[in-house]
Amino acid sequence: MSAFPRWASRLLPLLVLVVWLAVGGGLGPYAGKLGEVSTNDQAAFLPRTAESTLVLRQQEAFRQEETLPVLVVWTAEGGGRLAPSARAAATEALTVLGGTEGVVGAPSPAFPSEDGEALRGVVQLRPDLGDELPAVLEKVDAAASAVPGTETWLAGPAATQADLGDAFAGIDGLLLVVALVTVLVILLLVYRSVLLPLLIIVGAVFALALACAVVYVLADRGVVRVDGQVQGILSILVIGAATDYALLLAARYREELGARDGDRVPAMRAALKQSLGPIAASAATVALGLLALLLSDLTNNRALGPVGAIGIACAFLSAVTFLPAALVLLGRAAYWPARPKAAAGDDAHPVWRKVAALVDRAPRKVWATTLTALLVCAAFSPALDSKGVPLDEIFVKDAPSVAAQERLGEHFPGGAGNPAVVIADEAAAKEVRAAARAVDGVDSAVLFTAPGTARPLVADGRVRIDVTLADAADSDAAKATVGRLRATLRAVPEGDALVGGYTAQRYDTQVTAERDRALIVPVVLAIILVILVGLLRSLLLPVLLVATVGLNFLATLGVSALVFEHVLGFTGTDPAVPLYGFVFLVALGVDYNIFLMSRVREETLLHGTREGVRRGLVATGGVITSAGVVLAATFAALGVIPLAFLVQIAFIVAFGVLLDTLVVRSLLVPALARDIGPAVWWPSPLRHHDPEGGDRGRNGPGAVPVVKQGARRGR
């Protein structure tokens, strides 16, 4: 390359920058348009093959026109019994809504509660209202509020969907701004450079623009599915991964630039040669781990797999094309006011010299102490309840639909408004209904009738029976009732009954999530192990790395169980939370071990295992810690969306990444490698490689090596 004129050696980087500027300018708007092809319909989150999903499909035949119901609840102002005239006034208020824009058919009359303190009515809305839904609900609320002496509450699927829309309103703007500002501030504080943080942020934004454009096109054609959760995680994942990869490459280029006295192109060649393997292995680990979610039977899990993998691919592409081009063109100026130096150890932070010295001096004590602490934390992991989040905990902040549902449950049967739906053969309808009413925990069972008549509605020889449960539809007691109901109805001759509805869907989701974890966890671990074996060319070390990140995950779950219950006040987590946490933490957590141990292997080839561990830890300690802090802060930004699911994911990933970065990667892994010695590379020939004449530590088997004084002092 040195034979080429200076302008020729920089023409390619300039062209690469022009292409990325076109990508950012032309595709950037898609980051804001992704919401146009996303859906927050909770029915789409169900297991594909579960009994409740089969019921949902058969239920379509009983609908004259698909609707989205809103439950209107009236209570007396200040509590107590309602006035005798309230029922007639409430029915009249609902009748006025019939035929208005967004309302389907005639609203139901108002029905009183047994205690006489509440009324309940149902208004059916069009399911395709989209952004118009809040305005229609305001119209319903205004009409219902005309009943004198009462307070009005809106509950049911329509109200919940509107609150979900409000919660996800920050996905396109607030979440992205918080994440980017957080990353920028951290990079400015850590690197004290003006241009480098801006380059990294711009590269991450370009990667996100490309990812959103690809996902938009695929979602618009029905190839992939996007919801608010997937959309939010995609933004965080791309920004975090692109920043991590960029930091690793920028740090290595800084070393090479100093060693080559500012010769930019050869420095970037060397940096890419040494960094491309670990970055590619890291990206492949996360992408393939996400694609393993395609094995899930839960639709939202399957949706995240390909969408997340696309995001990781775009982050990788930006890190190995845009950033190198920008760094080659800027050279030393990218790091101003800092000045690149020739060797990583020469300007390494004193903290990492001390950490490396501690690991080198007492590896067995270090790994035994950290292992014990992690095991203690992991012991609390069974306490994490992943049976589901109660309705009143779905939203972190108070939501109107939750308050309304609580009022409904205070005066009507717990399952009112969310009945279990039974689909059975018409010939056995009487027997099925009688058997359902006899089940413990069932309040009532009524046949679904044709509008305006008392005749049961029959579709393809099947009838629908709405079973109201005595307990709240989101409670463990209600799920137990569904189990008893299914067992009882299977025994009805020729009934062929299927039980679905909200509670059954929650029960099936929980069972499916447990099945998914049992299937996907081993697959992800196997994928990671294969990639590590290929990268490090050994077997023992990859097994140790997989075991340590797995332990880190269990320790994180243990701490999360304590924090969720005793600090944040959650009584449970969504069934998908442990699986999401596992995929993110294990796939992302192994990244830092890849970055560390690939550098340790590189140094081991020159200096032996003992010195390789020390040099690798000193060289990568600062950059990997910075990357971990940035990734943790990026995922923590999910907490700005007031949904329990995202807040829980934010804490698990942020805490787990910090634990992995500061404890597992900094202490446990290097201490194990140092204590085991060259055998850690088994069966690679590197286990016999000993260029400095002795490679076993005083705490490991073998002789104490002779180590240069400069190495002991961290030079």
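Just so it is clear, the model here is predicted, and its values are computed rather than measured.

### Here we look at the overall build of the chain
In terms of regular secondary structure, the chain is built from 23 helices and nine strands. Taken as a whole, the chain presents about 28,800 Å² of accessible surface, with 61% of it coming from carbon and sulfur.

### Some thoughts on the packing of aromatic side chains
Inspection of every chain in the model, using the stated rule, returns 11 aromatic pairs. Judged by centre distance (5.4 Å) and plane angle (80 degrees), the rings of Phe 206 and Phe 322 are edge-to-face. Remark: Phe 322 occurs in helix H12 (residues 299-330) and Phe 206 occurs in helix H9 (residues 195-220); sequence separation between them is 116 residues. Phe 322 sits in the buried class, given a relative accessible area of 5%. An aromatic cluster is defined as three or more aromatic residues linked by ring pairs; in this entry it consists of Phe 564, Phe 570, Phe 651 and Phe 655. Residue placement shows Arg 407 over the ring face of Trp 153; its charged tip is 4.5 Å from the ring centre.

### Examining a nonpolar patch on the surface
On the surface, Val 177, Val 181, Val 185, Leu 189 and Val 190 cluster together into a nonpolar patch covering about 440 Å² of accessible area. Locating Leu 189 in the fold gives a position in helix H8 (residues 174-191).

### A short note on the side chain of Thr 370
Turning to its location among the elements, Thr 370 is positioned in helix H14 (residues 363-378). On the basis of relative accessibility, which here comes to 8%, the residue Thr 370 falls in the buried class. Looking at Thr 370, its side chain comes within polar contact range of the main-chain oxygen of Trp 367, at 3.2 Å. When sequence neighbours within four positions are dropped, the list of residues in contact with Thr 370 reads Val 663, Leu 667 and Leu 668.

### Observations concerning the side chain of Arg 462
Looking at the secondary structure, you find Arg 462 in strand S8 (residues 462-469). For Arg 462, a relative accessible area of 11% puts it in the buried group. At a separation of 2.8 Å, a polar atom in the side chain of Arg 462 contacts the side chain of Asp 425.

### As for the packing of helix H11 (residues 264-291) against helix H18 (residues 502-536)
Any two packed helices are characterised by how steeply their axes cross, that is the angle between the axes, and by the distance between the axes. At a closest axis distance of 9 Å, the pairing of H11 and H18 adopts a crossing angle of 165 degrees. Considering the angle they form, H11 stands roughly antiparallel to H18. Note on packing geometry: the crossing formed by H11 with H18 is right-handed. Taking contact as the criterion, the partners of Gly 277, Pro 278, Ala 281, Ala 284, Thr 285, Leu 288 and Gly 289 in H11 are, on H18, Val 524, Ile 527, Ile 528, Ile 531 and Leu 535. Of the residues contributing to the contact of H11 with H18, the split by class is nine nonpolar, three polar and no charged.

### A short note on the environment of Arg 537
Relative to the elements of secondary structure, Arg 537 occurs in the loop between H18 and helix H19 (540-566). Arg 537 sits in the exposed class, given a relative accessible area of 56%. Through-space distance from the C-alpha of Arg 537 to that of Pro 683 is 8.2 Å; in sequence the pair is 146 residues apart. Once you skip the residues sitting within four places of it in the chain, Arg 537 turns out to touch Leu 532, Arg 601, Trp 681 and Ser 684.

### A few points about the sheet that holds strand S1 (residues 68-76)
In a beta sheet, neighbouring strands pair by backbone hydrogen bonds and run either parallel or antiparallel. Taken together, the four strands give an open sheet; going across it, the order is S2-S3-S1-S4, and neighbouring strands pair in antiparallel fashion. What marks the edges here is a single partner per strand, and that holds for strand S2 (111-112) and strand S4 (150-155). Relative to strand S3 (residues 118-125), helix H5 (residues 86-95) is tilted by about 10 degrees, and along the sheet it contacts S1, S2 and S3.

### Points about the pairing of strand S9 (residues 498-501)
Where burial is concerned, the two faces of S9 agree: the one with Leu 498 and Gly 500 and the one with Val 499 and Gly 501 are both buried. Both strand S5 (residues 420-425) and S9 contribute to a ladder of four bridges, which runs antiparallel. Across the sheet, residue Val 422 finds its bridge partner in S9, namely Val 499.

### Structural notes on the confidence of the model for the chain
Caution applies to low-pLDDT parts of the model: their predicted coordinates are not meant to be read in detail. For the chain, per-residue confidence averages 82 on the pLDDT scale, and residues scoring 70 or more make up 88% of the total. When pLDDT is averaged over each helix and strand of the chain, the minimum, 36, is found for helix H23 (residues 709-712) and the maximum, 95, for H14. When the criterion is pLDDT under 50, residues 694-715 qualifies, and its contacts beyond four places in sequence or with other chains add up to 49 contacts.

### Some thoughts on the state of the cysteines
In a disulfide, the sulfur atoms of two cysteines are held together by a covalent bond. Taken as a whole and judged by the stated rule, the model has zero disulfides. Residue Cys 212 stays outside any disulfide, its sulfur separated by 8.9 Å from that of Cys 314, the closest cysteine.

### A few points about the nonpolar core
Membership of the largest hydrophobic core comes to 159 residues, with the highest contact counts inside it found for Tyr 245, Leu 327, Phe 584 and Met 597. Once residues within four sequence positions are removed from consideration, Leu 327 is found in contact with Leu 196, Leu 199, Ala 250, Tyr 253, Met 268, Ala 334 and Tyr 335. In this structure, Trp 74, Ala 86, Val 136 and Leu 154 belong to the second largest nonpolar core, which totals 28 residues.

### Description of the packing of H18 against helix H20 (residues 577-607)
In contact at an axis separation of 11 Å, H18 and H20 are set at 10 degrees when each is read in the N-to-C sense. Judged by the inter-axis angle, H18 sits roughly parallel to H20. Residue-level inspection shows Asp 516, Arg 517, Ile 520, Val 521, Val 524, Leu 525, Ile 528, Leu 532, Leu 535 and Leu 536 of H18 in contact with H20, the latter providing Pro 578, Leu 579, Phe 582, Val 583, Val 586, Ala 587, Val 590, Ile 594, Met 597, Ser 598 and Arg 601. The class makeup of the residues in the contact of H18 with H20 is 17 nonpolar, one polar and three charged.

### Focus on helix H15 (residues 400-411)
Under the 1.5 Å per step criterion, the end-to-end length of H15 is 17 Å for 12 residues, consistent within 8% with the ideal 16 Å. Those residues of H15 lying buried are Ser 401, Val 402, Ala 404, Gln 405, Leu 408 and His 411.

### Overview of the pattern of salt bridges
Here the structure, examined in full by the defined rule, presents 18 salt bridges. Where Arg 610 meets Asp 360, a salt bridge forms, and the shortest distance between an N and an O atom there is 2.7 Å. Of this pair, Arg 610 sits in helix H21 (residues 609-636) while Asp 360 sits in helix H13 (residues 350-361), and the two are 250 residues apart along the sequence. This pair shows no difference in class: Arg 610 is buried, exactly as Asp 360 is. Between Asp 516 and Arg 515 there is a salt bridge, with the nearest N and O atoms lying 2.6 Å from each other. With a relative accessible area of 40%, Arg 515 lands in the partly exposed category. In this structure, a network of salt bridges that share partners links the residues Glu 51, Arg 486, Arg 490 and Asp 508.

### Side note on H12
Under the 1.5 Å per step criterion, the end-to-end length of H12 is 46 Å for 32 residues, consistent within 8% with the ideal 46 Å. Burial within H12 is extensive, with 23 of its 32 residues counted as buried. After H12 finishes, the residue Gly 331 shows a positive phi value of roughly 60 degrees.

### Observations regarding the environment of Asp 675
By secondary structure assignment, the location of Asp 675 is in helix H22 (residues 644-676). In this structure the C-alpha to C-alpha distance between Asp 675 and Arg 610, which are 65 residues apart in sequence, comes to 8.7 Å.

How each quantity is defined
Residue numbering note: each chain is counted from 1, following its sequence as written. Two thresholds apply to this predicted model, a pLDDT of at least 70 for residue-level local features and 80 or more for giving and counting side-chain atom pairs, whereas whole-chain, interface and lining totals are computed over all residues. Based on all heavy atoms of the structure, the side-chain values leave hydrogens and waters out of the count. Strands here are runs of E lasting at least two residues and helices are runs of H or I lasting at least four, both read from the DSSP assignment and numbered beginning at the N terminus. In these tables, accessible area is a Shrake-Rupley quantity obtained with a 1.4 Å probe, and a residue counts as shielded only by the protein chains included in the view. Classification of ring pairs uses Phe, Tyr and Trp, with its six-membered ring standing for Trp, and accepts pairs whose centres are within 6.5 Å; under 30 degrees between planes counts as stacked, over 60 as edge-to-face, and the remaining range as tilted. Whether a residue is buried, partly exposed or exposed follows from its accessible area with a 1.4 Å probe, protein chains only, as a fraction of its type maximum: under 20%, in between, or over 50%, in that order. Put simply, a charge is over a ring when the Lys NZ or the Arg CZ is close to the ring centre, within 6 Å, and near the line of the ring normal, within 35 degrees. In this scheme, patches are assembled from residues that exceed 30% relative accessible area and form no salt bridge. Like charges are connected within 9 Å, while nonpolar side chains (Val, Leu, Ile, Met, Phe, Trp, Tyr) are connected within 5 Å. Between Lys or Arg on one side and Asp or Glu on the other, a salt bridge is scored when a side-chain nitrogen of the former is within 4 Å of a carboxyl oxygen of the latter. N or O atoms closer than or at 3.5 Å make up a polar contact, with two conditions inside protein: a donor-capable atom paired with an acceptor-capable one, and, for residues adjacent in sequence, both atoms drawn from side chains. Contact definition: two residues touch when any of their heavy atoms are within 4.5 Å. Note on definitions: angles span 0 to 180 degrees between N-to-C directions of axes, and those axes are lines fitted to C-alpha atoms, for helices only across the stretch in contact. With respect to orientation, any angle under 35 degrees is reported as roughly parallel, any angle over 145 as roughly antiparallel, any angle of 65 to 115 as roughly perpendicular, and every other angle as oblique. If you view the pair so one helix is near and one far, a crossing is left-handed when the near helix is turned anticlockwise from the far one by less than a right angle, and right-handed when it is turned clockwise. The nonpolar class holds Ala, Val, Leu, Ile, Met, Phe, Trp, Tyr, Cys and Pro. Asp, Glu, Lys and Arg form the charged class, and all remaining residues, Gly among them, are polar. Two strands pair if DSSP finds at least two bridges between them. Scored from 0 to 100, pLDDT records how confident the predictor is in each individual residue. Two cysteine sulfur atoms form a disulfide, by the criterion used here, when they sit within 2.5 Å. Throughout this description, the term nonpolar core refers to a set of buried Ala, Val, Leu, Ile, Met, Phe, Trp, Tyr and Cys residues connected via side-chain atoms within 4.5 Å. One less than the number of residues in a helix, times 1.5 Å, gives the span that helix is expected to have.

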